[in-house]
Amino acid sequence: MAASALLQRLLRVVLFLSQLYVFSGRGYLSFEHSPAVAQARKEQPPPSTVLTSIKVAETTVVYDYTSKCPSNGLCSKLPADCMTCNTNYSCIYGKLVTFDCKAKPQVMCVDDNHQRQENFTISMTCQFCWQLPPSEYECSKSNSSICMTVSCPRQRYNATCTVKDHVHCLGNRVFPKRLYCNWTGGYKWSTALILSITLGGFGADRFYLGQWREGLGKLFSFGGLGIWTLIDVFLICVGYVGPADGSLYI
C-alpha cells in the first residue's frame, strides 16, 4: 500500500511539472512556439510593411478623369470633370456667378503666377446644362432615323446630349433633348429651283427630288398646262416641297 501511494504521489508530481512546463511557454503545446505557428509568423510581413504596401496601392490608383486633365494647367481652365464645385442653385438665371471649386485627386493645376493651387474660384453663367446654346453640347444621332418624311412643322427626335468638357453649367452634364430633324440626302435647293423654272413643265424638278409619280403627272400633262409648273416654282422657292426621302436641302 505504501508503495502504491508513493507511486501515485510521484505521478502527480510529474503531471504537475509537465503542466507547469507547458504553461510556461516552452512546450510544443504553446501556440506561440509551436512549429506551424512559428513558421506562419515568420512568413507574415511586419505591420509596417503591410501599411506601406496599402499606401503604395492607393497612390497608384488612376482615375478615369485624369486623361482629360492637363498637367500643371490653369485651374480656372480645367475641364468640369477635373474639379468639384460648391454650386448655388439659387443664383439668378442668366447672371454671372462665382463658385468655389477644388481640384480632384491626382489633378495638378496652377494659378496665373504658375503657383501650385488646389482651391480656386470659377465664374460662369447661372443656367442649367439643358439651357445651354447648341454650340456648347454634342448630341447623339442614333434616333435620327425616324426622320423619314417631310412634315410641317418640322419633325423632332429624341437624342442624348453631353456638355463639352470646358463648359460649366448647373445640373446633369448628360441630358435628353428633342431635336429637329436636320439630316440631308445631298439634294440642293438651288438645283431644284433652277430645274423647276426651266424644265418644270416636263417634271424635271419632281424627278430630281425623287417624286416619280408627280414627275410623270407633270410630264404627261405638260406641267398642268403651266399652272402646276408655276405652283411648283413657288412651293420649291419657299421650301415647302422637298426631297421625297424627308431630308433637308443642302
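All values reported here derive from a predicted model rather than from experimental measurement.

J.: Could you give an account of the overall build of the protein, with specific residues and numbers?
T.: For the protein, the helix and strand inventory stands at eight helices and nine strands. Within the protein, the proportion of its 250 residues that are buried is 26%. Long-range pairs, those at least 24 residues apart, make up 56% of the contacts in the protein with a sequence separation of at least 6. Split by element, the accessible area of the protein, about 17500 Å² in all, is 62% carbon and sulfur.

J.: Can you tell me about the state of the cysteines, naming the residues and giving the values?
T.: For the structure shown, the criterion picks out six disulfides. The partner cysteine of C69 in its disulfide is C82, sulfur to sulfur 1.9 Å. Its S-S torsion of approximately -105 degrees makes the covalent link between C69 and C82 left-handed. Taken as a pair, C69 in the loop between helix 3 (47-59) and strand 1 (73-74) and C82 in the loop between strand 1 and strand 2 (83-86) lie far apart in primary sequence, 13 residues in all. Residue classification places C82 among the buried positions, given a relative accessible area of 0%. The disulfide that involves C91 links it to C126, with 1.9 Å between the sulfurs. With the S-S dihedral at roughly 75 degrees, the linkage between C91 and C126 falls on the right-handed side. Of this pair, C91 sits in the loop between strand 2 and strand 3 (96-103) while C126 sits in the loop between strand 6 (119-125) and strand 7 (137-139), placing them 35 residues apart in sequence. The class for C91 is buried, based on a relative accessible area of 17%. Looking at C126, the relative accessible area reads 4%, which means it is buried.

J.: Report on a nonpolar patch on the surface, specifying residues and quantitative values.
T.: Nonpolar side chains collect at one region of the surface, where L199, F202, L216, L219 and F220 lie side by side and expose about 500 Å² of accessible area between them. The element that contributes the greatest number of residues to the nonpolar patch is helix 6 (residues 212-220), accounting for three residues. Structurally, the position occupied by L219 is in helix 6. Judged by its relative accessible area of 31%, L219 falls in the partly exposed class.

J.: Describe the UniProt feature "transmembrane region" (unreviewed entry) in the protein, with residues and values.
T.: The residues that UniProt annotates with the feature "transmembrane region" (unreviewed entry) are residues 187-207 and 219-241. Taken end to end, residues 187-207 is 71% helix and 0% strand, and its first and last C-alpha atoms sit 12 Å apart. The span residues 219-241 is 74% helical and 0% strand by assignment, and the distance between its end C-alpha atoms comes to 18 Å.

J.: Before we move on, can you summarise the packing of helix 6 against helix 8 (residues 227-237) with the specific residues and values?
T.: Where helix 6 contacts helix 8, the two axes come as close as 10 Å, and the packing angle between them is 140 degrees. Here helix 6 lies oblique to helix 8, going by the angle between them. The residues of helix 8 that touch helix 6, namely those facing E214, G217 and K218, are W228, T229 and D232. Of the residues belonging to the contact of helix 6 with helix 8, the class tally is one nonpolar, two polar and three charged.

J.: I'd like to hear about the sheet that holds strand 5 (residues 116-117), residue by residue, with values.
T.: Ordered in space as 1-4-5, the three strands form an open sheet in which the pairing is mixed. Each edge of the open sheet carries a strand with a single partner, namely strand 1 and strand 5. Examined bridge by bridge, strand 1 and strand 4 (residues 109-110) share two bridges and lie parallel to one another. By the bridge assignment, G73 is partnered in strand 4 with C109.

J.: How would you sum up the pattern of salt bridges? Please name residues and give values.
T.: Scanning the model with the defined rule gives four salt bridges in all. For R206, the salt bridge identified is with D232, shortest N-O distance 2.7 Å. With R206 in helix 5 (residues 204-208) and D232 in helix 8, this residue pair connects regions lying 26 residues apart in the sequence. A single burial state applies to R206 and to D232, both of which are buried. D232 serves as the salt-bridge partner of K218, at 2.9 Å between the closest nitrogen and oxygen. Note that K218 is positioned in helix 6 and D232 in helix 8, a separation of 14 residues in sequence. Of the residues examined, K218 reaches a relative accessible area of 0% and is grouped as buried. Because the salt bridges share partners, they merge into one network encompassing D205, R206, K218 and D232.

What counts, and where the lines are drawn
- Residues numbered from 1 in each chain as written.
- Predicted model: local features only at pLDDT ≥ 70, side-chain atom pairs only at ≥ 80, totals over all residues.
- Heavy atoms only, no water.
- Helix = DSSP H or I, 4+ residues; strand = E, 2+ residues; numbered from the N terminus.
- Buried < 20%, exposed > 50% of the residue type's maximum accessible area, 1.4 Å probe, protein only.
- Contact = heavy atoms within 4.5 Å.
- Areas by Shrake-Rupley, 256 points an atom, 1.4 Å probe, with all protein chains shown as cover.
- Disulfide = S-S within 2.5 Å.
- Patch = residues over 30% accessible without salt bridge, like charges linked within 9 Å, V, L, I, M, F, W, Y side chains within 5 Å.
- Salt bridge = Lys/Arg side-chain N within 4 Å of Asp/Glu carboxyl O.
- UniProt positions renumbered as here; feature names shortened; annotations may be inferred.
- Axes fitted to C-alpha atoms, helices over the stretch in contact; angles between N-to-C directions.
- Parallel < 35°, antiparallel > 145°, perpendicular 65-115°, else oblique.
- Nonpolar A, V, L, I, M, F, W, Y, C, P; charged D, E, K, R; others polar.
- Pairing = 2+ DSSP bridges.

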